[in-house]
Amino acid sequence: MLKACEGAFLEADLAILSAAISDYRPANPASHKMKKTGDSLTIALVENPDVLFTLGQKKKETQLLVGFALETNDELENAQKKLKKKQLDFIVLN
């Protein structure tokens with residue numbers, strides 16, 4: 001996802017990233033279907049790259065970047081932090 005977005009963003013005047021990939025992915029994905037065994041399962045997770053942050057770092061002065069923030073607490077404060085950290089021009093707070 002990151003590679004595709006970076007490629008498209010090179011030529012874009014405006015990017016609106018209305019959906020995000022998952023923040024985490026399995027550290028060791030299974031190579032086959034995991035059958036139920038009745039036992040509990042623990043899955044180690046690693047962070048995915050932050051596409052919006054990466055594009056914000058590469059943004060030219062002539063480009064606009066819009067992101068979304070889904071927040072469940074301290075909504076306005078968290079959205080404002082995201083706006084600045086990711087170098088967005090606009091943010092939509094859900």
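Rules used throughout
- Residues numbered from 1 in each chain as written.
- Predicted model: local features only at pLDDT ≥ 70, side-chain atom pairs only at ≥ 80, totals over all residues.
- Heavy atoms only, no water.
- Salt bridge = Lys/Arg side-chain N within 4 Å of Asp/Glu carboxyl O.
- Helix = DSSP H or I, 4+ residues; strand = E, 2+ residues; numbered from the N terminus.
- Buried < 20%, exposed > 50% of the residue type's maximum accessible area, 1.4 Å probe, protein only.
- Axes fitted to C-alpha atoms, helices over the stretch in contact; angles between N-to-C directions.
- Parallel < 35°, antiparallel > 145°, perpendicular 65-115°, else oblique.
- Left-handed = near helix turned anticlockwise from the far one by under 90°.
- Contact = heavy atoms within 4.5 Å.
- Nonpolar A, V, L, I, M, F, W, Y, C, P; charged D, E, K, R; others polar.
- Pairing = 2+ DSSP bridges.
- Right-handed = clockwise from strand over helix to strand, strands pointing away.
- Core = buried A, V, L, I, M, F, W, Y, C linked by side-chain atoms within 4.5 Å.

Student: Lay out the pattern of salt bridges in plain terms, naming residues and giving numbers.
Tutor: Taken as a whole, this structure holds four salt bridges when the rule is applied. Note that Lys58 is salt-bridged to Glu6, the shortest N-O span being 2.5 Å. With a gap of 52 residues between them, Lys58 in helix H2 (residues 51-58) and Glu6 in helix H1 (residues 2-9) connect regions that are remote in the sequence. Residue Lys58 is classed as partly exposed on the basis of its relative accessible area of 48%. Across the salt bridge formed by Glu77 and Lys81, the nearest N and O atoms sit 3.3 Å from each other.

Student: Just give me the short version of the packing of H1 against H2, but keep the residues and values in it.
Tutor: Taken N-terminus to C-terminus, the directions of H1 and H2 make an angle of 30°; their axes are 10 Å apart at the nearest point. Taken as axis vectors, H1 and H2 run roughly parallel relative to one another. Our pair here, H1 against H2, has a crossing hand that is right-handed. Contacts between H1 and H2 involve Leu2, Cys5, Glu6 and Phe9 from the first element and Val51, Thr54, Leu55 and Lys58 from the second. When its residues are assigned to classes, the contact of H1 with H2 shows five nonpolar, one polar and two charged.

Student: Please set out the pairing of strand E4 (residues 64-69) residue by residue, giving values where relevant.
Tutor: For a regular strand, side-chain orientation follows a simple rule: the groups alternate between the two sheet faces. Across four bridges, strand E1 (residues 14-17) lies against E4 in parallel orientation. In the strand pairing of E4, Leu14 is matched with Leu64. Here E4 pairs with strand E5 (residues 90-93) via four bridges, running parallel. Its bridge partner lying in E5, Gly67 is registered against Ile91. For the handedness criterion, the β-α-β arrangement of E4, helix H3 (residues 75-85) and E5 is classed as right-handed.

Student: Outline the nonpolar core, listing residues and values.
Tutor: Ranked by size, the top nonpolar core spans nine residues in total: Phe9, Ala12, Ala15, Leu17, Val51, Leu52, Leu55, Leu65 and Leu88. Among the secondary structure elements, those contributing two or more residues to this core are E1 and H2. When residues of this core are assigned to their parent elements, the largest contribution, three residues, is made by H2. Excluding residues that lie within four positions of it along the chain, Leu17 makes contacts with Val51, Leu52, Leu55, Leu65, Val66, Gly67 and Phe68.

Student: Can you explain the sheet that holds E5? Please cite residues and give values.
Tutor: With parallel pairing, three strands are arranged side by side in an open sheet as E1-E4-E5. The sheet is open, and its two edges are formed by E1 and E5, each paired on a single side. Neighbour-to-neighbour, the strand axes of this sheet turn through a mean angle of 15°, independent of strand direction. On top of the sheet, H2 reaches E1 and E4; it is set at about 155° to E4, its chief contact.

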